[in-house]
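So you can see what is in the structure, the chains are spelled out below.
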Amino acid sequence: KIQELSELDKKYFLHPTTVPKAFIEEGPKIIFSEGNGIRVKDIKGDSYIDGVSMLWNVNLGYGQKELADAAHQQLSKLPYSSSFYGYSNEPAIRLAEKIVSLAPGKSSAVFYTSGGSESNETAFKLARYYWSLKGKSEKKIIISIKRSYHGATIATGSATGIEGFHNFSGSSGNDMIHAKGHLTNCELGDKTDPEYEGCIRDVIEKEGAHRIAAVILEPIQGAGGVHVSPDGYLQAVKKLCEENEVLFIADEVISGFGRTGKMFGVNHWEVEPDIICVAKGITSGYSQLGAVILSEELRETLVQTEQILGHGFTYSGHPTACAVGLKTIEIIERDNLVENAANMEKILKEGFVYLQDKHPHVAKTRAVGLLAGFDLQADRDNDVPFEQSIRAAKTVVEECFKRKLILRAADFEVGKNIVAVAPPLVINKQELEEVIGIIDDALTSFEKSLG
Ligand code: PLP
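Definitions and cut-offs
Residues numbered from 1 in each chain as written. Predicted model: local features only at pLDDT ≥ 70, side-chain atom pairs only at ≥ 80, totals over all residues. Helix = DSSP H or I, 4+ residues; strand = E, 2+ residues; numbered from the N terminus. Buried ≥ 20, exposed ≤ 12 C-beta atoms within 10 Å, placed from the backbone. Contact = placed C-beta atoms within 7 Å. Core = buried A, V, L, I, M, F, W, Y, C linked by C-beta atoms within 7 Å. Domains from an automatic or database assignment. Pairing = 2+ DSSP bridges. Axes fitted to C-alpha atoms, helices over the stretch in contact; angles between N-to-C directions. Parallel < 35°, antiparallel > 145°, perpendicular 65-115°, else oblique. Left-handed = near helix turned anticlockwise from the far one by under 90°. Nonpolar A, V, L, I, M, F, W, Y, C, P; charged D, E, K, R; others polar. Near = placed C-beta within 6 Å. Expected span 1.5 Å × (residues − 1).

Peer 1: Any details on the overall build of the protein chain? Residues and values, ideally.
Peer 2: Looking only at helices and strands, one finds 16 helices and 17 strands in the protein chain. The principal-axis extents of the C-alpha atoms in the protein chain amount to approximately 65 × 65 × 45 Å. Taking all 451 residues of the protein chain together, the buried fraction comes to 49%. In the protein chain, the share of contacts with a sequence separation of at least 24, taken over all contacts with a separation of at least 6, comes to 70%.

Peer 1: I'd like to hear about unusual backbone geometry, residue by residue, with values.
Peer 2: Although it is not a glycine, Ser284 adopts a positive phi angle of roughly 55°. Of note, Ser284 is situated in the loop between strand S11 (275–278) and strand S12 (290–295). Phi at Asp383 is positive, roughly 55°, even though this residue is not glycine. Secondary-structure assignment places Asp383 in the loop between strand S14 (371–376) and helix H15 (392–402). On the basis of neighbour counts, which here come to 12 C-beta atoms within 10 Å, the residue Asp383 falls in the exposed class.

Peer 1: Provide a residue-level description of the nonpolar core, including the pertinent values.
Peer 2: Ala127, Val215, Ile249, Ile275 and Val419 are the most contacted members of the largest nonpolar core, which has 128 residues in total. Both of domain 1 (31–63 + 336–450) and domain 2 (67–334) provide at least three residues apiece to this core. Dropping the residues within four chain positions of it, Ile249 is found in contact with Ala123, Ala127, Ala214, Val215, Ile216, Pro273, Asp274, Ile275 and Cys277.

Peer 1: Just give me the short version of helix H11 (residues 233–243), but keep the residues and values in it.
Peer 2: Residues Tyr233, Leu234, Ala236, Val237, Lys238, Leu240 and Cys241 constitute the buried set of H11. Taken together, the buried residues of H11 touch helix H9 (184–187), helix H10 (200–207), strand S7 (212–217) and strand S10 (247–251). Positive backbone phi, at 55°, marks Glu245, one or two positions downstream of H11.

Peer 1: Explain the sheet that holds S10 to me, and be specific about the residues and the numbers.
Peer 2: Pairing is mixed across the open sheet formed by 7 strands, whose spatial order is S4-S12-S11-S10-S7-S5-S6. Pairing within the sheet leaves two strands with one partner each, and these edge strands are strand S4 (107–113) and strand S6 (176–179). Neighbouring strand axes in the sheet, compared pairwise and without regard to direction, differ in orientation by 25° on average. Where strand S5 (residues 141–145) meets S6, 4 bridges bridge the pair, whose relative direction is parallel. Its bridge partner lying in S6, Ile142 is registered against Met176. On the sheet, helix H5 (residues 90–102) packs against S4 and S12 and is oriented at approximately 135° with respect to S4.

Peer 1: Before we move on, could you go through the sheet that holds strand S13 (residues 362–368) and cite the residues and values that matter?
Peer 2: Each strand in a sheet pairs with another by means of backbone hydrogen bonds, the pair being arranged parallel or else antiparallel. Strand order across the open sheet formed by 4 strands is S13-S14-S17-S16, with antiparallel pairing between neighbours. Of all the strands in the sheet, just S13 and strand S16 (408–410) have a single pairing partner and so form its edges. When the angles between neighbouring strand axes are averaged without regard to direction, this sheet yields 20°. Pairing between S13 and S14: 5 bridges, direction antiparallel. Looking at the pairing, Arg366 lines up with Gly373 of S14. Sitting on the sheet, helix H14 (residues 337–358) touches S13 and S14, and the angle it makes with S13 is about 175°.

Peer 1: Give me the packing of H5 against helix H13 (residues 319–334): which residues, what numbers.
Peer 2: The N-to-C vectors of H5 and H13 enclose an angle of 40°; their axes lie 8 Å apart at closest approach. On the basis of the axis angle, H5 is oblique to H13. Note on packing geometry: the crossing formed by H5 with H13 is left-handed. Taken together, the residues of H13 that come into contact with H5 (itself represented by Pro91, Ala92, Arg94, Leu95 and Lys98) are Pro319, Cys322, Ala323, Gly325, Leu326 and Ile329. Classifying every residue of the contact of H5 with H13 by side-chain character gives 8 nonpolar, 1 polar and 2 charged.

Peer 1: An account of the domain arrangement of the protein chain is requested, with residue identities and associated values reported.
Peer 2: When its domains are assigned, the protein chain resolves into domain 1 (31–63 + 336–450) and domain 2 (67–334). Each of domain 1 and domain 2 has a C-alpha centre, and the two are 27 Å apart. Each partner contributes residues to the interface: domain 1 has 24 residues there, and domain 2 has 27 residues. Among the secondary structure elements, those contributing two or more residues to the side of domain 1 that touches domain 2 are helix H3 (53–56), H14, S13, S14 and strand S17 (418–421). Partitioning the side of domain 1 that touches domain 2 into residue classes produces 17 nonpolar, 4 polar and 3 charged.

Peer 1: How would you explain the site of the ligand if you had to name every residue and give the values?
Peer 2: Inspection of the region around the ligand gives 16 residues, with Gly115, Gly116, Ser117, Gly151 and Val253 positioned closest. Broken down by element, the shell around the ligand gets its largest block of residues, 3 residues, from helix H6 (residues 116–133). Tallied by class, residues from the shell around the ligand come to 7 nonpolar, 7 polar and 2 charged.

Peer 1: I'd love a proper account of the environment of Glu34, names of residues and values included.
Peer 2: Within the fold, Glu34 resides in strand S1 (residues 32–36). When the 13 C-beta atoms within 10 Å are taken as the criterion, Glu34 is described as partly exposed. Put simply, Glu34 and Ser47 are 13 residues apart on the chain and 9.3 Å apart in space, counted from C-alpha to C-alpha.

Peer 1: Let's hear about H14: which residues, and what values?
Peer 2: The first and last C-alpha atoms of H14 sit 31 Å apart over 22 residues, in line with the 32 Å expected at 1.5 Å per residue. Inspection of H14 places Leu337, Val338, Asn340, Ala341, Met344, Leu348, Gly351 and Phe352 among the buried residues, and these make up the whole buried set. Each element contacted by the buried residues of H14 is listed here: H13, S13, S14 and helix H16 (429–450).

Here you go:
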């Protein structure tokens, strides 16, 4: 059966973010079949710890029967209904109310999508629409920053600040500008900062605030390599946005719903975005759902007009997805999983200290809740990267995989070797120590390979 599935996969299934030529030669690395808690099994019956919650989304882990039941009940009752033309359904209504009650500040309404890219795409469109309703239709530019990941559509891929994602389709739209990443002094207005040119403030000044619709940021960058916004940065950008009539979009597709030890990533810095984009953790991957959370000001402007809101997806407000979302949030709250993520951060940090003491190449460890990672460097004291040929992060992740732990490497940037760790929020101390133990062994093996 394994052989048969592997051959069919190679022949018929074109996989995302995979080199097709290599895939056709090697076949699938693993074919998953079932899961329970933080572990997933493949069709051979081998069990793996999912140390990155697949794509940072399976936050409640596997085998959550209550989520399966919620989906089953809704599928049996009303599997689907549209939310166009004034139609609605109860799970979508109740979930919208729930999301708004949890979201920071003056959040007041939700627009549904089927995932993160659609959420960010929607945010860009709504931001431009908002300004046109305000009589400022010149405001079209979206500013994002280096190392960000915002999605796979043409616009969100274009906003993405990881260059590799542009090579594929040449996605770099006219009205998308990448600013430099994470500079606090520049955003505070320090023009003597040597990095000033190209920072968000500089981009706004050069392009002219009258042309800028929004700035989009992940409070903590995920795919780019788990880069945490420095303290003061998000507040400074938010202030800059306010001063220049620019909307502030928080991409909380990874950081939303408890991943960082608070319900939303921006809660760590007490910043109130105009728009918050979510997906992934909202259903823990048990169904496909995303949402765009709008501030009161945006909602009020949008609902005042007689114009049709010419945007939406067949699956906007999908009742089954929303029923799964409601149950996901119920479990997060009932089982104190946001608190658990915050508590596990401490265990993870202790583990990172242990790894850093024992392994000379482990550098720049960081963890906010259960969104964590570390760098691998040839000489960490002098910030010297490994030579490109060594593929340090990839090797360590492969060594972990051999030991039945799934992690993720971020090594698309020359000289950067980052390993991401983001297990399900249901993980306990003992399991987390098991994860650290496996990374420990994998690092030892990597060091031996260096000779
Ligand atoms: N935004 C962020 C921060 C993400 O990490 C991702 C996906 O990894 C997306 C947007 C895109 O979400 P999706 O893959 O659901 O379209």
